[in-house]
Amino acid sequence: MLDVILKPERDRSVRRRHPWVLSGAVERVEGASEPGAWARVVAAGGETLGFGHWSPVSQIRVRMLRLGETAPGDDWIAERIAAAVARRAGDPLLGDTDAVRLVNAEGDGLPGLVVDRYADLLVVRISTAGMHVRSKLVADALRRETGAAVAIERPDAAAARREGIAVQQGVLWGEPPAAPVEIRERERRYRVDVSAGQKTGFYLDQRDSRDLVQQLARGRRVLDLFSYTGGFAVAAAHGGAASIALVESSAEALAAAEQHLAPWHDTLPLRFARDDAFRFVRQDDHGYDLLVVDPPPLARRASDVAQASRAYKDVLLHALRRAAPGAYLLAFSCSHHVGPELFRKIAFGASLDAGRPLQVLRALGAPADHPVALDHPEGHYLSGLLLRA
Ligand code: SAH
């Protein structure tokens, strides 16, 4: 254990339960320790504020895991994993599905750890030195608590660089399947490529909005922009859409979407466009009654916000021009830096420029298996709106 002593006046953030101690708040470090070791965080006056994992390379020097004077051991992590898994079991907010996020990092009091369950397989993403050095303990706890047959680790390359850790794609236990994993979400079925797909393979965070699309789709001409493997399109097909167009730049993702929609190939007009969605919406001349606009994170840093706002507005504006009267539009930002307030302003800008007043029907976001701690606003990233033209 080492002591991390904070500068005078720089203890406020920890006292407000924020889980990150930034390098600029650290006065000095006493004792030597390996990356990922437990660190005791001490106020300038000598008071012990709490304990966390030490990350000497990262700008975030300590990730707090426990506040107060009692030092935790590694069993603290196993207990938190057990609690996170138990919270999902039978959670009425999740509904009928075998694909859930079991651990959502700071949102579950476990900075550096994300775990998604796809049927009988877990995908584990470790993004801090603290979790990296404890990957065996993490794996043991997950195996005990879930009984899953297989677990693989998917590296988060950007985080590994920030933390100076070497994470590799690997098997934690079990025999990884050669084919994609089949998951079930309500009556929807998806095949998830857990080793090569985006993120951990599937956008579990859009589950609630998929339900909404399914609810709204009857008789509507649907446009699924930035479709990935067609999560929304499958929901629209189940909901009785009149036609569906998907636009996606990744050939692999679009091929998976075609497979997902195979049951409807003969009965539903489907269009699969491998294209730049920003370009597609400018050139397309079809009308739509239900439009989903779900771009990748356009602002990864605060300094990207102005440019990202223009890109969001641009794609919304052109999507709106394709929207029939009474059309529903589900629009999303998955950048923390473009949050709900700014996103409303961007949508308003698009509405003004398109000459199309819009009604806000609902604010959209990530479902209950992606909890965000109020202490940690940075954990919020998905902002969306259900709009009516
Ligand atoms: N709606 C999807 C998730 C979208 S993630 C779902 O719910 O599963 C964003 C997607 O946009 C990714 O699949 C990415 O490959 C794709 N993408 C990124 N830039 C693009 C562009 N310029 N044009 C079209 N697709 C793009």
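Remember, it's a predicted structure, so these values are computed and weren't measured experimentally. (Residues numbered from 1 in each chain as written. Predicted model: local features only at pLDDT ≥ 70, side-chain atom pairs only at ≥ 80, totals over all residues. Heavy atoms only, no water.)

1. Some remarks on unusual backbone geometry
Part 1: Within the chain, Arg17 stands out as a residue other than glycine whose phi angle is a positive 70°.
Part 2: Locating Arg17 in the fold gives a position in the loop between α1 (12-15) and β2 (20-22).
Part 3: Phi at Ala105 is positive, roughly 45°, even though this residue is not glycine. (Helix = DSSP H or I, 4+ residues; strand = E, 2+ residues; numbered from the N terminus.)

2. Observations concerning the sheet that holds strand β15 (residues 243-248)
Part 1: The strand order β16-β15-β14-β17-β18-β20-β19 describes an open sheet built from seven strands, whose pairing is mixed. The open sheet has two edge strands, β16 (270-274) and β19 (359-364), and neither has a second partner. Each strand of the sheet is rotated relative to its neighbour by a mean of 15°, with strand direction disregarded.
Part 2: Note: strand β18 (residues 323-333) against strand β20 (residues 383-388), six bridges, orientation antiparallel. Following the sheet pairing, Leu329 is matched in β20 by Leu387.
Part 3: Packing of helix α10 (residues 305-321) onto the sheet brings it into contact with β14 (221-225), β17 (288-293) and β18, and relative to β18 it is tilted by some 160°. (Pairing = 2+ DSSP bridges. Axes fitted to C-alpha atoms, helices over the stretch in contact; angles between N-to-C directions. Contact = heavy atoms within 4.5 Å.)

3. Side note on the domain arrangement of the protein
Part 1: Each assigned domain of the protein is listed here: domain 1 (2-67), domain 2 (74-173) and domain 3 (203-388).
Part 2: On a C-alpha basis, the centroid separation for the pair domain 2 and domain 3 is 28 Å.
Part 3: In this assembly, 14 residues from domain 2 lie in contact with nine residues from domain 3.
Part 4: Approximately 950 Å² of surface area, both sides summed, lies buried where domain 2 meets domain 3, with 59% of it carried by carbon and sulfur atoms.
Part 5: Broken down residue by residue, the surface that domain 2 buries against domain 3 is led by Leu94, Arg101 and Glu106, which jointly contribute 41%.
Part 6: Linking domain 2 with domain 3 are zero salt bridges.
Part 7: On inspection of domain 2 and its partner domain 3, the count reaches four residue pairs in polar contact (both at pLDDT 80 or more).
Part 8: For the side of domain 2 that touches domain 3, the per-class residue count stands at five nonpolar, three polar and six charged. (Domains from an automatic or database assignment. Buried area = accessible area lost by both parts, 1.4 Å probe. Salt bridge = Lys/Arg side-chain N within 4 Å of Asp/Glu carboxyl O. Polar contact = N/O pair within 3.5 Å; in protein donor to acceptor, adjacent residues only side chain to side chain. Nonpolar A, V, L, I, M, F, W, Y, C, P; charged D, E, K, R; others polar.)

4. As for the sheet that holds strand β10 (residues 150-153)
Part 1: Here we have five strands laid out as an open sheet, ordered β7-β8-β9-β10-β11, and mixed in their pairing. Where the open sheet ends on each side, the last strands, each with one partner, are β7 (99-104) and β11 (170-173). Each adjacent strand pair in this sheet contributes to an overall mean axis angle of 25°, direction not counted.
Part 2: By the bridge criterion, four bridges tie strand β9 (residues 121-126) to β10 in an arrangement that is parallel. The partner of Val124 across the bridge, within β10, is Glu153.

5. With respect to the pattern of salt bridges
Part 1: Within this structure, the stated rule accounts for 28 salt bridges.
Part 2: Linking Asp289 and Arg221 is a salt bridge whose minimum nitrogen-to-oxygen distance equals 2.8 Å. With Asp289 in strand β17 and Arg221 in strand β14, this pair connects stretches of sequence that are 68 residues apart.
Part 3: Classification of Arg221 by relative accessible area gives partly exposed; the value is 33%. (Buried < 20%, exposed > 50% of the residue type's maximum accessible area, 1.4 Å probe, protein only.)

6. Side note on the layout of surface pockets
The method is simple in principle: a probe with the dimensions of a water molecule rolls over the atoms, and the space it marks as empty is what remains.
Part 1: Within this model, the second largest pocket holds a volume of roughly 280 Å³.
Part 2: In terms of lining, the second largest pocket is formed by 17 residues, of which the most central are Asp193, Thr229, Glu252, Ala253 and Ala256.
Part 3: If you list the elements that add at least two residues to the lining of the second largest pocket, you get β13 (188-192) and α8 (251-260).
Part 4: The class makeup of the residues in the lining of the second largest pocket is seven nonpolar, seven polar and three charged. (1 Å grid on protein atoms, 1.4 Å probe; cavity = no way out; pocket = protein on both sides within 12 Å on 5 of 7 lines; lining within 4 Å. Points joined across faces, edges and corners; volume = space filled by probe spheres on them.)

7. Comments concerning the packing of α10 against helix α11 (residues 340-354)
Part 1: Packing of α10 against α11 leaves a shortest axis separation of 8 Å and a crossing angle of 45°. By the criterion of interaxial angle, the relationship of α10 to α11 is oblique. Helix-helix and strand crossings are classified by hand; for α10 and α11 the assignment is right-handed. Of the residues in α11, those in contact with Val305, Ser309, Tyr312, Lys313, Leu316, Leu317, Leu320 and Arg321 of α10 are Leu342, Phe343, Ile346, Ala347, Gly349, Ala350, Ser351, Asp353 and Ala354.
Part 2: Along the lines of polarity and charge, the residues of the contact of α10 with α11 split into eleven nonpolar, three polar and three charged. (Parallel < 35°, antiparallel > 145°, perpendicular 65-115°, else oblique. Left-handed = near helix turned anticlockwise from the far one by under 90°.)

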